[in-house]
Structure formats: C-alpha cells, structure tokens
Amino acid sequence: MRKQDLLVYLVTDRSLCLGRPLESVVAQAAEGGCTMVQLREKEADTGEFVELARALHKLLKPLSIPLLINDRVDVALAAGVEGVHVGQSDMLPEDVRRIVGPNAIVGLSVDTEAELLDAQNRPVDYLGIGPVYPTQTKKDVKGTPWGPDGLRHAMGLSSIPLVAIGGVQRDNVRDVAGSGVAGIAVVSAICSAPSPAEAARELVYAMQEGAR
C-alpha cells in the first residue's frame, strides 16, 4: 500500500470557483497546505480534461502534492498523474490497479457499510466515505449521512485509511477529525471560499487540532 498524506484533500469543481480559474484556486489551496487534489470534470471533453490535468500536474508535482483523476483512467495515464479515484459504478478497482500499476494511488468511494466491508479486500489505498453530512455537491449517494459517530463505527471496520467527504466545512471539521479518519475531502469549502489558501490553512489546522 502506498503511503500518502490524506489530511486535507481537495476535490475540484470549476462551477464552484466563483469565476476564478481552476489553476488559481488549486495553487492557493496548495499554498494553504492542501495535501492531495482530485480533478473531477463531468462536463469537459477528453482533450480538455487531459490538458487541464497536465496543467494542474505541472503546478502540483514540484510541491509533492499528488494529483488524482476522477473516474477516467485514460486521462490519468495520458497526463502522467499520480492516481485515479473511482466510484462504485465505475471501473473495478482491480482493473484500475492492473492498468495503472502498483505504484499509483487508487481510491474508491463507499457510501454504505456493505460497500465499506466489500472494499476491504480490494487493491485500493484509501476509501472516500460519505456523505458525512447532507450535501448538494454529490446527489447520487445511497443511504443516510454517516455523521461523526458513524465514522467512528466505520473506523472499527476498515483496515484501509478513510477520507470523509460530504458536507465537511470549517464549523464541523473538528468533530470529523475526532472520529479518527485519515483525512477530509472537500469541494465547496475550498473552491467557493473567498481565500482558498486561508480556507485550506484553517482546515489543516482544525484537522490537526481535532485529532489530538
């Protein structure tokens, strides 16, 4: 299993960036201490997706911040990024791993306890678990929000690091950190912040403090 810092994981959404270029928002998030970035593009065509991935990778690689691609293994390979994140209805993690190789980072989304348990024997490096709280960013989830208590329960079931996603914001991040998860994945909390750098900095601090 590859070791990576999952503490504050930015999942991008250009529609939430308040009209700012995505590269600018990601650069600021990196300045604030963001530890990983996932490029999620539901609308871009393949060529645009690859070019955007290359631009972000050029920005993040010198900072040793891994860049992952959501769903699209082909885009990840073309852009030469560090990994791929897939959902339950995407390519199987076993197939992703076979294609990207043993050194890439592979993440998998889980919404339910059954999915969490099933994932334990799959070749992934972390699990994105959510939603933690109700969220408008991801509408296709199954089940009810986990909440901090549910995350503590999940921690007892998983040998794979967990990244909490869904409705995590500055005012609740300490409760999430207290569950023992390896990190949080956020979208609007950074993308829509007046200062993405300050938002990332506050989230990193809150995660570190909340875990003590």
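Check the entry above for the structure.
Residues numbered from 1 in each chain as written. Predicted model: local features only at pLDDT ≥ 70, side-chain atom pairs only at ≥ 80, totals over all residues. Heavy atoms only, no water.

Peer 1: Looking at this model, I keep getting lost on helix α4 (residues 93-100). Mind explaining?
Peer 2: An α-helix turns once every 3.6 residues. As a result, residues three or four positions apart point the same way. Turning to α4, its buried residues are P93, V96, R97 and V100. Down the axis of α4, the buried side of the element spans an arc of 100°, and every buried residue falls inside it. Where α4 is buried, its residues touch α3 (73-79), β4 (83-86) and β5 (105-110). Directly beyond the C-terminal end of α4, a positive phi value near 95° is found at G101. (Buried < 20%, exposed > 50% of the residue type's maximum accessible area, 1.4 Å probe, protein only. Helix = DSSP H or I, 4+ residues; strand = E, 2+ residues; numbered from the N terminus. Arc of directions from axis to C-beta. Contact = heavy atoms within 4.5 Å.)

Peer 1: Honestly, the packing of aromatic side chains in this entry has me stumped. Any pointers?
Peer 2: What characterises a pair of aromatic rings is the spacing of the ring centres plus the angle enclosed by the ring planes. The final tally for this structure, using the stated rule, is 1 aromatic pair. Taken together, a centroid distance of 5.7 Å and an interplanar angle of 70° make the contact between Y9 and Y126 edge-to-face. With Y9 in strand β1 (residues 8-11) and Y126 in strand β6 (residues 126-129), the pair connects residues that are 117 residues apart, well separated along the chain. Its relative accessible area of 1% is what places Y126 among the buried residues. (Phe/Tyr/Trp six-rings, centres within 6.5 Å; stacked < 30°, edge-to-face > 60°.)

Peer 1: In this structure, what is going on with the side chain of D125? I would like to understand it.
Peer 2: Along the chain, D125 falls in the loop between α5 (113-119) and β6. The buried category is assigned to D125, whose relative accessible area is 0%. Within polar-contact distance, the side chain of D125 engages the side chain of R97 at 2.9 Å. (Polar contact = N/O pair within 3.5 Å; in protein donor to acceptor, adjacent residues only side chain to side chain.)

Note that all results are geometric; they support no functional claim without further evidence.
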